[in-house]
Amino acid sequence: MAQKNLVIVESPAKAKTIEKFLGKDYHVLSSFGHIRDLKERDISIDIAHNYAPEYVIPDDKKKLVSELKKAAKTAETVWLASDEDREGEAIAWHLAETLDLKKANTKRIVFHEITKTAIQKAIENPRDIDFNLVDAQQARRVLDRIVGYELSPVLWKKIKPALSAGRVQSVAVRLIVEREREIQNFATEAAYRVVATFLVTDKDGKPVELKAELKNRFKTKKEALDFLEKCKNAEFSIENIETKPAKKSPAPPFTTSTLQQEASRKLGFSVSQTMRVAQTLYEAGKITYMRTDSVNLSDLALNTSKDEIISMAGQKYWQRRQYQTKSKGAQEAHEAIRPTYVNQHETDGTAQERRLYELIWKRTIASQMADAELEKTTATINISTSSEKFIAVGEVLKFDGFLRVYLESTDDENEQEDEKMLPPLNVKDVLNMKDITAQERFSQKPPRYTEASLVRKMEELGIGRPSTYAPTISTIQNREYVEKGDREGEQRNYNILILKNKKISDETKAETFGTEKSKLFPTDVGSVVNDFLNENFPSVLNYDFTANVEKEFDLVAEGKERWEKSIDNFYKEFHPIVENTMQNSERKTGERELGTDPKTGKPVFVKIGRYGPLAQLGHVDDDNKPTFASLRKDQSIETISLEEALELFKLPRVSGNFEGKPMKVAVGRFGPYIQHDSKFYSLPKGIDPLAVTEAESIEIIQNKRISDANKVIKSFVEEPELQILNGRFGAYIAYKGSNYKIPKTTVPADMTLEDAMKIVSSTPATEKKKGGFKKKK
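Thresholds, definitions, all that
- Residues numbered from 1 in each chain as written.
- Predicted model: local features only at pLDDT ≥ 70, side-chain atom pairs only at ≥ 80, totals over all residues.
- Heavy atoms only, no water.
- Pairing = 2+ DSSP bridges.
- Helix = DSSP H or I, 4+ residues; strand = E, 2+ residues; numbered from the N terminus.
- Axes fitted to C-alpha atoms, helices over the stretch in contact; angles between N-to-C directions.
- Contact = heavy atoms within 4.5 Å.
- Buried < 20%, exposed > 50% of the residue type's maximum accessible area, 1.4 Å probe, protein only.
- Phe/Tyr/Trp six-rings, centres within 6.5 Å; stacked < 30°, edge-to-face > 60°.
- Lys NZ or Arg CZ within 6 Å of the ring centre and 35° of its normal.
- Parallel < 35°, antiparallel > 145°, perpendicular 65-115°, else oblique.
- Nonpolar A, V, L, I, M, F, W, Y, C, P; charged D, E, K, R; others polar.

Novice: Explain the sheet that holds strand E24 (residues 661-668) to me, please; I cannot follow it from the model alone.
Specialist: Think of a sheet as strands paired side by side through backbone hydrogen bonds, with each pair either parallel or antiparallel. Taken in spatial order, the four strands make up an open sheet running E23-E24-E25-E26, and their pairing is antiparallel. Bordering the open sheet on either side are strand E23 (653-658) and strand E26 (679-682), each of which pairs with just one other strand. The mean angle between the axes of side-by-side strands here comes to 30°, regardless of whether they run parallel or antiparallel. For E23 and E24, the ladder comprises five bridges, and the chain directions are antiparallel. Each residue of the ladder has a partner; that of Arg 653, found in E24, is Val 665. Packing against the sheet, helix H18 (residues 694-711) makes contact with E23, E24, strand E25 (671-676) and E26, and its axis sits at approximately 65° to E23.

Novice: How should I be thinking about unusual backbone geometry in this particular structure?
Specialist: Following Leu 651, the chain continues to Pro 652 via a peptide bond in cis, the omega torsion being -5°. Inspection of the secondary structure puts Pro 652 in the loop between helix H17 (642-648) and E23. Not every positive phi belongs to a glycine, and Ser 44 is a case in point at roughly 55°. Looking at the secondary structure, you find Ser 44 in the loop between strand E3 (37-38) and strand E4 (45-46). Ser 44 gets classed as buried once you look at its relative accessible area, which sits at 0%. Positive phi, close to 60°, is recorded for Tyr 51, a residue that is not glycine. Relative to the elements of secondary structure, Tyr 51 occurs in the loop between E4 and strand E5 (52-53). Note on Tyr 51: relative accessible area 4%, which makes it buried.

Novice: What should I look at first to understand the packing of aromatic side chains in this one?
Specialist: Any pair of aromatic rings gets described here by the distance separating the centres and the angle formed by the planes. Considering all chains together, one arrives at 14 aromatic pairs under this definition. Among the aromatic residues, those joined into a cluster by ring pairs are Phe 198, Phe 218, Phe 227, Phe 236 and Phe 390. Just above the ring of Tyr 449 sits the side chain of Arg 179; from NZ or CZ to the centre is 4.5 Å.

Novice: Just to check I follow, could you spell out the packing of helix H6 (residues 167-184) against helix H13 (residues 469-478) for this structure?
Specialist: The interhelical angle for the contact between H6 and H13, taken along N-to-C directions, is 70°, at an axis separation of 9 Å. Judged by the angle between their axes, H6 and H13 are roughly perpendicular. In this structure, H6 uses Val 168, Gln 169, Ala 172, Val 173 and Ile 176 to contact H13, whose residues at the interface are Thr 472, Thr 475 and Ile 476. Each residue belonging to the contact of H6 with H13 can be placed in one class, and the counts come to five nonpolar, three polar and no charged.

Right under this line is the structure:
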């Protein structure tokens, strides 16, 4: 049936929410993202003709395009309601072009929240497609495609096959590689931190402890001991007390970047997870648009926040604040991320959706609340036998203000403990010293990046925009240039000197340091690619260049520059460097000579090989071919020692015999494994391939056989290529290298071959990829 109005949005969830707010005269359909794009396996840029992009409709979108065309032809008015950022504008333009929409009956509407009021206001105020925004999106797409397609073949030839490079991704990898090298080259310095404990009385006359720290730290043990000796017979007295009022102000409402950072710190979400959950909340009409670098709040949001705060906490807790966006290129949306209805403190949905919504609600409300008022007291303690001073600091909260609702977290891994209130003290009071501790402390290496702190750094440098942070961080991990992981800490000893009852004790204790959780580490391939690009394409990896490109895109979006000119300026400088590098640069493998094998006298190297990092014993041009061994997952060509590399050549080794056949232990492309009777069995995490015993090897093989037996639910003699299997996420059909989901209402064990083939012919296939499955196009 023909509809008077056709509304096209980019997602089914958004369509469902919008349809609730529009009357029966409106039919809402989804384009499921872009309906046309550059070809997948082709540069698709006509460089000779002003860098014209060559767009195609993907095969999996052709049926949808046909349906949208049919619906558009019968509608009186077509409303293009994709998101209000550059990507959304480009989707609207592609729809207009592909569906042959006439300008006379096509209207573009935008809104940054999906509420009845916002939708109706958008319908009342339609506009044309903003071609400046479309051009800015095209400029980014074209530039990134050119960089990727011209750089990748260089990497295949000069480093190893199947590598790829991206403009923003390569700069993000550079940040991580440089930080890793800072850490590796960091020289730890020790110093003695001195803390005294004094016995005083509180306001009720009860004895309490007063902690005070020496202003300076001692570089050597001798200096610390000399100081403690001076303190044996010293008198300690209050020299000065200073009390100052202080205040803390709330953080602004969330932008994309700050939401990603805070969700990581407070909720443990990855950057992509945060954006996925935020998208769901936005499309359900629960929060405003989630790709924004604006901290502005609308008058409506400010007024509803005021009402909510006054009813919740009282007039004195409210303080109107209108934040200004500092980001120069702020262009993605006109408002910060906030709840669409501030009076809704909670939401329904998944646990992740509820937690992220609560975080956004608290941050929004806190941003409109009064400052927290504190009183900070600093007491300076004199030492009669030394010119050094002890300092005691206390803090008391006079008025909680916004802290009643929310306090922003930080990335500081060594956050100071909260300062407590000091007991009553008076100038010239003589203090009773209980003990003084001088503890050896060590300077700390720069912290590795988390996903959240990397986003903050990228934003600080002007690299990328709200819509690109999450894809960039996902891409560098998917390409295995960077990996996110945990690292166990190391043990070290430290010295502690304690003065008590005029005697000094000297102890050595142990501590664990350097434990890492969910940090970003460069892989060996990532480091070598970074070095090669830095050496041959310094401008592409230059932070200022990448930031300036973003500024140029902003000028295009504002209509102040032609996108083709921007691309042309870049390409004329970039392409000759590509050709010169391809012809004249040497192969880069990150090769490092570790030393000589004492048994054979041959040199030992580590480098990047065809399948990843490896150790090499001997020269390629020796009479006897060199021996190779893959590095283990926890080893790096930048840090591995000669002794560790020599251990690798002890593999493969035979751990024993089972069923009359040897069990060979080796390390391969995907980690350590046992080979037995032409079958391969991965070693579980934590088992050393050099130490695994015969009994352990047999147990690993038997456990895998049991697991495989339980995996097969059903197979069919008449169709041996089809099996019904148990998977990590439930039962599925495996057929000719593809996998098919089985509906939850179907009992897998009761299925016939005919039932299985029906699912195969009617369900989209998925194919295996690292870490799960992906839909086949």
